[in-house]
Amino acid sequence: MPVLNSASEMQAEVAAWRRHLHQHPEILYDVHETAAFVADKLMSFGCDIVETGIGRTGVVGIIKGREGDGPVVGLRADMDALPIVETSGKEWASLTPGKMHACGHDGHTAMLLGAAKHLAETRNFKGSVAVIFQPAEEGGGGGLAMVKDGMMERFGISQVYGMHNSPGLPLGHFATRKGSIMAAADEYEVLIHGRGGHAAQPHKTIDPVLVSAHAIIALQAIASRETDPLKSVVVTVATIHGGDASNVIPNTVKLTGTIRTLLPETRDYAERRLSEVVNGIALTFGARAEVNYRRGYPVTFNHEGETDFAVEVMRKVAGVKSVETDLAPLMGAEDFSYMLESRPGSFVFIGNGDSANLHHSSYDFNDEAIPYGISYWVTLAETALAA
């Protein structure tokens, strides 16, 4: 099935916006130029309301349909880039050293701007569309900041939808699933306090390096022996730091890592067991453990009815054979999860074709995906708010 004619016709214009954003990446909440670009575009389209500074630097545009009374559906894109040195070699590569759009948020923003332009021109719906442009998805919790700032209540948003590009998923294809689609992401820091001394006299020390080694091995049992294999959990020790000399046993070793889960009960269990295991191992060797556990983004959970609706829309745009409805859950995290905790909705993936992976220095968003993304947003809004 073809994409919307208007979406194809504006592809070059939207791609130019995308490449401009790609050349000028900004990270976390420091997206002032990007937000100004977005706000200027929304005002030029004739959006009825354009609000800036939501969740610090987020932007929301309200487009009212021909009949203004009715529900408000939210469509969300993320704006921030990553602290990565770009190696793509593209003509539109980043002009800011050490920053690049390595996750395609430039494409997400451009596609939603394209949809906003179409919806503001046609207004073929009843109610209103809220186009949401969010900062700080990459670790800053911008989605939560916008929710805490009262965005949902202020604009009366009743449903909210998100979309992310997916390298390896063919161009013109979509994928999603009901329920948990992306993981909760938590971080921890463990300090093992021992008693340092001469490496030639280990019997006079409490070696925190040895304690750490036992703790690292024991932590793997949380996933391999303590959790139902059908209830995914990832326990990763990512760094270990301790000591400065080959002949000195240090006083302290620091471990840091991440835990990823798809269910609230698994998340609670893994957090509790991390502390129990580390403290138990430390006690066994006469050492002392200090655990600092920080919960990050929650599980991205797709609501059943809204996901059925999103699948219907994707099939209208791409055809039944190009829509995967039972995508395996991903253990990466996404802060659109906060919006889905606040309002019912669904998160989907759009194909980026055969490209470098996300967060890779040579990644680039595929501009050929633009008409599909615009068509999805427009069709979703017009169908949800059928006049």
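In this text, all values refer to a predicted model and were calculated from it rather than measured experimentally.

Basis of the calculations
Residues numbered from 1 in each chain as written. Predicted model: local features only at pLDDT ≥ 70, side-chain atom pairs only at ≥ 80, totals over all residues. Heavy atoms only, no water. Phe/Tyr/Trp six-rings, centres within 6.5 Å; stacked < 30°, edge-to-face > 60°. Helix = DSSP H or I, 4+ residues; strand = E, 2+ residues; numbered from the N terminus. Buried < 20%, exposed > 50% of the residue type's maximum accessible area, 1.4 Å probe, protein only. Lys NZ or Arg CZ within 6 Å of the ring centre and 35° of its normal. Salt bridge = Lys/Arg side-chain N within 4 Å of Asp/Glu carboxyl O. Core = buried A, V, L, I, M, F, W, Y, C linked by side-chain atoms within 4.5 Å. Contact = heavy atoms within 4.5 Å. Pairing = 2+ DSSP bridges. Axes fitted to C-alpha atoms, helices over the stretch in contact; angles between N-to-C directions. UniProt positions renumbered as here; feature names shortened; annotations may be inferred. Expected span 1.5 Å × (residues − 1).

**Re the packing of aromatic side chains**
1) Next: As enumerated under the stated definition, the model contains seven aromatic pairs in all.
2) Next: Their ring planes at 35 degrees and their centres at 5.6 Å tell us that Phe174 and Tyr376 sit as a pair that is tilted. Of the two residues, Phe174 is situated in strand β6 (residues 174-175) and Tyr376 in helix α12 (residues 370-384); the sequence distance between them amounts to 202 residues. As far as the burial class goes, Phe174 and Tyr376 line up, both buried.
3) Next: Between Phe347 and Phe349 the ring centres are 5.5 Å apart and the planes differ by 80 degrees, which places this aromatic pair in the edge-to-face class.
4) Next: Here Phe347 falls in the buried class, since its relative accessible area comes to 0%.
5) Next: Taking the relative accessible area as the measure of exposure, Phe349 reaches 6% and is therefore buried.
6) Next: Grouped by ring-pair contacts, the aromatic residues Phe174, Tyr376 and Trp377 constitute a single cluster.
7) Next: The positively charged end of Arg19 is found above the aromatic ring belonging to Trp92, 3.6 Å away from the centroid.
8) Next: Against the face of Tyr29 rests Arg56, its NZ or CZ located 3.8 Å from the ring centre.

**Examining the pattern of salt bridges**
1) Next: All chains considered together, the criterion is met by 23 salt bridges.
2) Next: Ionic pairing is found between Asp367 and Arg18, a salt bridge with its closest N-O pair at 2.9 Å. Taken together, the positions of Asp367 in the loop between β16 (345-351) and α12 and Arg18 in helix α2 (residues 11-23) put the pair 349 residues apart, joining distant regions of the chain. Arg18 matches Asp367 in its accessibility class, with the two residues each being buried.
3) Next: In this structure, Glu271 and Arg295 form a salt bridge, with 2.9 Å as the shortest nitrogen-oxygen distance. Highlighted residues: Glu271 in helix α9 (residues 264-284) and Arg295 in strand β13 (residues 288-295), separated in sequence by 24 residues.
4) Next: What makes Glu271 partly exposed here is its relative accessible area of 26%.
5) Next: Taking the relative accessible area as the measure of exposure, Arg295 reaches 37% and is therefore partly exposed.
6) Next: Because the salt bridges share partners, they merge into one network encompassing Arg18, Arg19, Asp106, Asp364 and Asp367.

**Digging into the nonpolar core**
1) Next: Of all hydrophobic cores here, the largest spans 57 residues; its most connected members are Leu42, Phe133, Phe174, Ile374 and Tyr376.
2) Next: The biggest single contributor to this core is helix α4 (residues 105-122), with eight residues.
3) Next: Ignoring anything within four residues of it in the chain, the contact list for Ile374 reads Ala7, Met10, Val14, Met111, Gly114 and Ala115.
4) Next: Within the second largest apolar cluster, 23 residues are counted, among which are Val147, Ala175, Met339 and Phe349.

**Thoughts on the side chain of Ser322**
1) Next: For Ser322, the location among the structural elements is in the loop between α10 (304-318) and β15 (323-324).
2) Next: Aside from chain neighbours lying at most four places away, what touches Ser322 is Gly172, His173 and Phe174.

**Examining the sheet that holds strand β12 (residues 252-261)**
1) Next: Reading across from one edge, β10-β12-β8-β13 is the order of the four strands in this open sheet, with antiparallel pairing throughout. For this open sheet the edge positions go to β10 (233-241) and β13, each flanked by a neighbour on one side alone. With strand direction ignored, the average angle separating the axes of adjacent strands in the sheet is 20 degrees.
2) Next: In this structure, strand β8 (residues 184-193) lies alongside β12, joined through ten bridges in antiparallel fashion. Each residue of the ladder has a partner; that of Val190, found in β12, is Leu255.

**Brief notes about the UniProt feature "domain: Peptidase M20 dimerisation" (unreviewed entry) in the protein**
1) Next: Taking the numbering used here, the UniProt-annotated feature "domain: Peptidase M20 dimerisation" (unreviewed entry) corresponds to residues 188-279.
2) Next: Here residues 188-279 runs as 35% helix and 32% strand, with 14 Å between its end C-alpha atoms.

**Quick notes on α10**
The α-helix winds at 3.6 residues per turn, so residues separated by three or four positions along the chain end up facing the same way.
1) Next: Its 15 residues give α10 an end-to-end C-alpha distance of 21 Å, which sits within 8% of 21 Å, the value for a rise of 1.5 Å per residue.
2) Next: Looking at the buried side of α10, the elements it contacts are β5 (157-166), β6, β14 (300-302), β15, β16 and α12.
3) Next: Note on α10: the residue one or two positions beyond its end, Gly319, has a positive phi of about 95 degrees.

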